[in-house]
Amino acid sequence: MAQKQEEDDKVRLDKWLWAARFYKTRALAKAAIESGKVHCRGERCKPGKEPRLGDEFQIRQGFEERTVVVQALSIVRRGAPEAQALYTETEVSIAKREAAAAMRKAGSLGMSTDGKPSKKQRRDLFKFRGSSNDE
């Protein structure tokens with residue numbers, strides 16, 4: 001049991017991100033770290049960095065950017081409720097993500113079309129462009 005505790009104290013960042021279920025595989029976690037999508041204290045990290053309790057990481061995944069604080073260390077990937085106990089997301093980060101999601105949702109709803117053009121509308125488009133579909 002003491003050796004298991006020592007192993008948990010020395011955990012790599014890529015392994016912790018995988019165990020915390022931010023990435024599906026360790027390889028994806030390592031690639032994200034190496035491409036600069038994970039920062040600690042405003043600086044890029046390396047996959048071998050050892051996270052400590054209380055460290056704050058900025059993690060970008062697609063459109064989302066999360067700021068999380070390390071609460072526990074683990075090298076074992078378990079269920080989602082146990083993985084969520086490994087970190088806490090800051091209130092500012094949650095508010096920022098929700099606002100960004102609302103903006104994305106509003107932006108996609110702003111552009112609407114009536115669907116596929118009718119046969120007459122297509123003919124008018126071809127006439128307007130100066131080409132015809134007869135050729």
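Conventions and cut-offs
- Residues numbered from 1 in each chain as written.
- Predicted model: local features only at pLDDT ≥ 70, side-chain atom pairs only at ≥ 80, totals over all residues.
- Heavy atoms only, no water.
- pLDDT = per-residue confidence, 0-100.
- Contact = heavy atoms within 4.5 Å.
- Patch = residues over 30% accessible without salt bridge, like charges linked within 9 Å, V, L, I, M, F, W, Y side chains within 5 Å.
- Areas by Shrake-Rupley, 256 points an atom, 1.4 Å probe, with all protein chains shown as cover.
- Salt bridge = Lys/Arg side-chain N within 4 Å of Asp/Glu carboxyl O.
- Lys, Arg positive; Asp, Glu negative; His and termini not counted.
- Charge placed at Lys NZ, Arg CZ, Asp CG, Glu CD.
- Helix = DSSP H or I, 4+ residues; strand = E, 2+ residues; numbered from the N terminus.
- Buried < 20%, exposed > 50% of the residue type's maximum accessible area, 1.4 Å probe, protein only.
- Core = buried A, V, L, I, M, F, W, Y, C linked by side-chain atoms within 4.5 Å.
- Phe/Tyr/Trp six-rings, centres within 6.5 Å; stacked < 30°, edge-to-face > 60°.

Within an unreviewed UniProt entry, the label attached to the protein chain reads Heat shock protein 15, and the organism entered is Pseudomonas silesiensis.

> Tell me about the confidence of the model for the protein chain, and please be specific about residues and values.
Detailed conclusions should not be drawn from predicted coordinates in areas where pLDDT is low. Here the protein chain shows a mean pLDDT of 86. Residues at 70 or above account for 86%. The low-confidence segment residues 1-6 (pLDDT under 50) makes two contacts with residues lying over four places distant or belonging to another chain.

> Describe a positive patch on the surface, and please don't skip the residues or the numbers.
On the surface, Lys116, Lys119, Arg122 and Arg123 cluster together into a positively charged patch. Along the chain, the position of Arg122 falls in helix H6 (residues 119-129). Overall, the relative accessible area of 34% leaves Arg122 in the partly exposed class.

> Go over the nonpolar core, please, and point to the residues and values.
The tendency in soluble globular proteins is for nonpolar side chains to be buried side by side. Counting residues in each nonpolar core, the largest one holds 22 residues, and the members touching the most others are Trp16, Leu17, Phe22, Val38 and Phe57. Broken down by secondary-structure element, the contributors of at least two residues to this core are helix H2 (13-19), helix H3 (26-34), strand S1 (38-40), strand S3 (56-61) and strand S4 (64-70). Among the elements that take part in this core, H2 stands out by supplying four residues, more than any other. Residues contacting Leu17, with those up to four places away along its chain left out, are Phe22, Tyr23, Ala29, Ile33, Val38 and Ile59.

> Quick one: what's the story with the packing of aromatic side chains, residue by residue and with numbers?
Using the criterion set out here, one finds three aromatic pairs in the structure. Here the aromatic residues Trp16, Phe22, Phe57 and Tyr87 are joined through ring pairs into a cluster of three or more.

> Account for the environment of Pro81, with residues named and values stated.
Structurally, the position occupied by Pro81 is in helix H4 (residues 80-84). Along the chain, Pro81 and Ala20 lie 61 residues apart, while their C-alpha atoms are 9.7 Å from each other.

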